Amino acid sequence: MHTSVTHTIVVSCWLLFAGAAVNLTLVTPEKAIKLAANDYFRYHLSKTGSPLTLSKEMLAGCGAGVCQVIITTPMEMLKIQLQDAGRLAAQKTVKGIQCMPPGTKHLNTIPVLTRAYNVGPTSAARKVSATQIASELLRTEGIKGLYKGLGATLLRDVPFSVIYFPLFANLNKLGKASSDDKAPFLYSFTAGCIAGSTAAVAVSPCDVIKTRLQSLSKGANEETYSGIVNCARKIWMKEGPSAFFKGAGCRALVIAPLFGIAQVVYFLGVGETVLEMAQFNRLMA
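Rules used in this analysis
- Residues numbered from 1 in each chain as written.
- Predicted model: local features only at pLDDT ≥ 70, side-chain atom pairs only at ≥ 80, totals over all residues.
- Heavy atoms only, no water.
- UniProt positions renumbered as here; feature names shortened; annotations may be inferred.
- pLDDT = per-residue confidence, 0-100.
- Helix = DSSP H or I, 4+ residues; strand = E, 2+ residues; numbered from the N terminus.
- Contact = heavy atoms within 4.5 Å.
- Salt bridge = Lys/Arg side-chain N within 4 Å of Asp/Glu carboxyl O.
- Buried < 20%, exposed > 50% of the residue type's maximum accessible area, 1.4 Å probe, protein only.
- Core = buried A, V, L, I, M, F, W, Y, C linked by side-chain atoms within 4.5 Å.

Under the annotation held in an unreviewed UniProt entry, the protein carries the name Mitochondrial glutamate carrier 2 and is attributed to Xenopus tropicalis. The annotation that UniProt attaches to the protein under Function (unreviewed entry) is "Responsible for the transport of glutamate from the cytosol into the mitochondrial matrix with the concomitant import of a proton (symport system)."

Following this line, the structure appears as structure tokens:
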């Protein structure tokens, strides 16, 4: 029994950090594309010299959201598959332990199939890498396999950017002494946190739908979905409206500091440098 408990703890720890490597690898280019694209569109929408209206700020955010899905969709796809591998392995392990009759000695022969890519019973959960999953998807479905759920990702990330960027820009303005000054570090960080958490909660229903659609492996009695509308209808009918906001609080807690830090670092000079380079190249052309 001691062995089974240890095995369960190992699988649980793996489940907690499944997908972390994918996030660490791809979150930087994702945020870079989002922030740079927003600045690019804001620059071109304000070339007339007049201040950006709210509608133009939202349009720039929309453009940034569309651009970022180039990185976001494969990143989310691989992350969800890694998390599902751990979740399904944990389910099988717990089920195997619970089915043992009282007083039966545990034999270390519980078959744990983490995913379809790991064939055959093993005595311990076998880790699955993002490379394995990406290779299998490319082999079986081609490049479109990595972009499964693209529509749902757009449905989440475009509204997120439409809400986030105008809200951040207007909150950040409140901390400026004049239009030419930069807001204090703490003010920009707080503005990023507020805007990020607000946008994250607002698009939670879209995030729930996207996650369900991108989950390729289903556990026992889990629903399958044919598309965005079908997924939304089944969630509403079988789980109720509150299901669309599952994990919204956790998502807000993650997104708030992430965008607070990213936005402050970007505003320390990267955004201005990009715009200055664009203006210089235009003059030289």
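Next comes the rest of the account.
## Remarks on the confidence of the model for the protein
Averaged over every residue, the pLDDT of the protein is 74; the share at 70 or more is 66%. The least confident element of the protein is helix H1 (residues 2-17), whose mean pLDDT is 46; the most confident is helix H9 (residues 228-239), at 92. Contacts from residues 104-125, a stretch scored under 50 in pLDDT, to residues over four places away or in other chains number 54 contacts.

## Description of the pattern of salt bridges
Scanning all chains against the criterion turns up nine salt bridges. A salt bridge links Arg42 to Glu57; the shortest N-O distance between them is 3.5 Å. Within this pair, whereas Arg42 is found in helix H2 (residues 20-45), its partner Glu57 is found in helix H3 (residues 54-98), the two being separated by 15 residues in sequence. Grouping residues by exposure puts Arg42 and Glu57 together as buried. Among the salt bridges present, the one from Arg212 reaches Glu239, with a minimum N-O distance of 2.9 Å. A residue pair is termed long-range when its members are at least 10 positions apart, and Arg212 in helix H8 (residues 204-214) and Glu239 in helix H9 qualify at 27 residues. In this structure, a network of salt bridges that share partners links the residues Glu76, Arg156, Asp157, Asp207 and Lys210.

## Considering the nonpolar core
With 16 residues, the main nonpolar core has Leu35, Phe160, Tyr164, Phe165, Phe168, Ile255 and Phe259 as its most contacted residues. Elements supplying a minimum of two residues to this core: H2, helix H6 (150-173), helix H7 (185-202) and helix H10 (248-284). Apart from residues lying up to four places away in sequence, Phe168 is in contact with Ser188, Ala191, Gly192, Ala195, Gln263 and Phe267. In this structure, Ala152, Val208, Tyr225 and Cys231 belong to the second largest nonpolar core, which totals nine residues.

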